[in-house]
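Structural description and commentary
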Amino acid sequence: MNLSRTARTFLTLAVVAFFVATLIIVSPVFAAHGESATGKKAILLVAFGTSVPEAQPALRNIDEEVRKAFPKTEVRWAYTAKIIRKKLLKEEGRRIDSPAEALAKLGEEGFSHVAVQSLHTIPGEEFHALSRIIRAFHNMPKGTQKVTLGTPLLTSHEDMQRATDALFSIFPKERKPCEAVVLMGHGTHHAGNIYYPGLQHYLSRKDTNVFVGTVEGYPSLDDIIAELRAKKITNVWLMPLMSVAGDHARNDMAGPEEDSWASVLKKEGVTVRCTLKGTAEYDSIVARWIAHLQSAFARL
Ligand code: CO
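Please read all numbers here as calculations on a predicted model, not as lab measurements. (Residues numbered from 1 in each chain as written. Predicted model: local features only at pLDDT ≥ 70, side-chain atom pairs only at ≥ 80, totals over all residues. Heavy atoms only, no water.)

Brief notes about the overall build of the chain
Scanning the chain from terminus to terminus reveals 12 helices and eight strands. Relative to its 300 residues, the chain shows a buried fraction of 48%. In the chain, the share of contacts with a sequence separation of at least 24, taken over all contacts with a separation of at least 6, comes to 73%. Working note: accessible area of the chain is about 15800 Å², and carbon and sulfur atoms make up 58% of it. (Helix = DSSP H or I, 4+ residues; strand = E, 2+ residues; numbered from the N terminus. Buried < 20%, exposed > 50% of the residue type's maximum accessible area, 1.4 Å probe, protein only. Contact = heavy atoms within 4.5 Å. Areas by Shrake-Rupley, 256 points an atom, 1.4 Å probe, with all protein chains shown as cover.)

Quick word on the pairing of strand β4 (residues 146-150)
Of all the five residues making up β4, four are buried; the element is thus mostly covered by neighbouring parts of the structure. Alignment of strand β3 (residues 111-118) against β4, held across five bridges, turns out to be parallel. Directly across from Val 116, in β4, lies its bridge partner Leu 149. What joins β3 to β4 is helix α6 (residues 125-136), and the crossover it makes is right-handed. (Pairing = 2+ DSSP bridges. Right-handed = clockwise from strand over helix to strand, strands pointing away.)

Topic: α6
An α-helix turns once every 3.6 residues. As a result, residues three or four positions apart point the same way. Helix length check: α6, at 12 residues, gives a terminal C-alpha distance of 17 Å against a target of 16 Å (1.5 Å per residue), a fit within 8%. Taken together, the buried positions of α6 are occupied by Phe 127, Leu 130, Ser 131 and Ile 134. Down the axis of α6, the buried set is contained in an arc of 100°. They therefore lie on one face. Away from its buried face by more than 90 degrees, α6 exposes Arg 132 and Arg 135. Looking at the buried residues of α6, the elements they touch are β1 (40-47), α5 (99-108), β3 and β4. (Expected span 1.5 Å × (residues − 1). Arc of directions from axis to C-beta.)

Quick word on the sheet that holds strand β7 (residues 235-240)
One open sheet accounts for four strands, arranged β6-β5-β7-β8; its pairing is parallel. Every interior strand has two partners, whereas the edge strands, β6 (210-214) and β8 (271-274), have only one. Mean inter-strand twist for the sheet, computed between neighbouring axes without regard to direction, equals 25°. Relative to β6, strand β5 (residues 180-185) runs parallel, the two being bridged by five bridges. Within β6, the residue paired with Val 181 across the bridge is Val 210. Set on the sheet, helix α8 (residues 195-206) makes contact with β5 and β6; between it and β6 the angle comes to about 175°. (Axes fitted to C-alpha atoms, helices over the stretch in contact; angles between N-to-C directions.)

As for the packing of helix α7 (residues 157-170) against α8
Packing of α7 against α8 leaves a shortest axis separation of 10 Å and a crossing angle of 60°. Taken together, the axes of α7 and α8 are oblique relative to one another. With respect to the hand of their crossing, α7 and α8 are arranged in right-handed fashion. For the pair α7 and α8, the contacting residues are His 157, Met 160, Gln 161, Thr 164, Asp 165, Leu 167 and Phe 168 in the first and Tyr 195, Gly 198, Leu 199, Tyr 202, Leu 203 and Lys 206 in the second. Within the contact of α7 with α8, the residues separate by chemical class into seven nonpolar, four polar and two charged. (Parallel < 35°, antiparallel > 145°, perpendicular 65-115°, else oblique. Left-handed = near helix turned anticlockwise from the far one by under 90°. Nonpolar A, V, L, I, M, F, W, Y, C, P; charged D, E, K, R; others polar.)

A few points about the confidence of the model for the chain
With 87% of its residues at a pLDDT of 70 or more, the chain has an overall mean of 91. This model gives residues 22-37 a pLDDT under 50, and the stretch forms six contacts once residues within four places in sequence are excluded. (pLDDT = per-residue confidence, 0-100.)

Considering the nonpolar core
Of all hydrophobic cores here, the largest spans 50 residues; its most connected members are Val 66, Leu 167 and Leu 183. The leading source of residues in this core is helix α12 (residues 283-298), at seven residues. Ranked by size, the runner-up nonpolar core spans 18 residues in total, among them Met 184, Met 242, Ala 262 and Val 272. (Core = buried A, V, L, I, M, F, W, Y, C linked by side-chain atoms within 4.5 Å.)

Below you can see the structure in the form of C-alpha cells.
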C-alpha cells in the first residue's frame, strides 16, 4: 500500500508522540517533575523560641503576616531551643516541635515540599544547625522530597540596606538627633557574629548616633559606652535587636538589676529610655523575613 506523504508524516509524528508520552510516564526524571507539580507544599517557620508570655505577640504577628502572604498554604512552627521547648512542656503543657519533628510530621502527612523560614536575626549557630537538619530531609522515602531554607533577617548586602531602612522606620519619633539609639543584639561565639559590626557600618552611614551592641558577642556594652563618652551623648534610647522581647530584653537590657544595660548606662549619667518590643512586632521588619520566605517558596 502506498501512503501519501502527508499520511507518512502523520504516522511518524504519532509514533514519536507515543514514545515521548511513554518516556514522560515511565522515566523517573520526568516522574519527579510531575510529582513536584502535584506534591503538597507547606511552610515551616522556625524561631529560637521564647517562654516569656509578653514576648508572644511578636511571634503571633509573624504568623499573621505569613498567613496573609500565603493564605492557601499550610503554616507550621518549630523552635530550635530545646531548653525552651522543655520548659513550655513542663510548665504550660505546651508541646512545640523541634525542626526535625515538624519536618517528619509534614512528610508523614504528605507534604512533599516544604519552605522553611529561619526567623533568626543573623546566620549564626542556630541557623547553620537548622540548615544541616534540612539537608537530612531531602528525598526522604515516603516523606519530604524537597526542603528549601529562607535566610535570616541579615544575610546579604541587600538585607543590610533594607533592614537598616526598616530599623530607622521603627526608631522612636520623639528622639532628637543628638540622642543615641542603642540596639541590643544577642551576639554569638559563632563566626556569624561579624554581622553585628557589619550592621554598624550600614547604620553609621545613615546616622552616626546609632549603635549596635550584643549581650554575648562583639561589640559589647563597654564598646558602646566608650563611643557615647567620646561623643558626649547623654540621652539613649535602648531597643532590642531580637525578634522577640524576651528574657534578654526584659532583664539584661531594661531590667532593674545593677548589671542591666539600662542600669549601667544610668550610672554613666545617661538618661535611658527603653522600648520593649521585639523586631518581629514591626511589620516593616517582618516584611524582610517574608521576602526571604517568598524566595524559598519559589525554589520549591
Ligand atoms: Co541568649
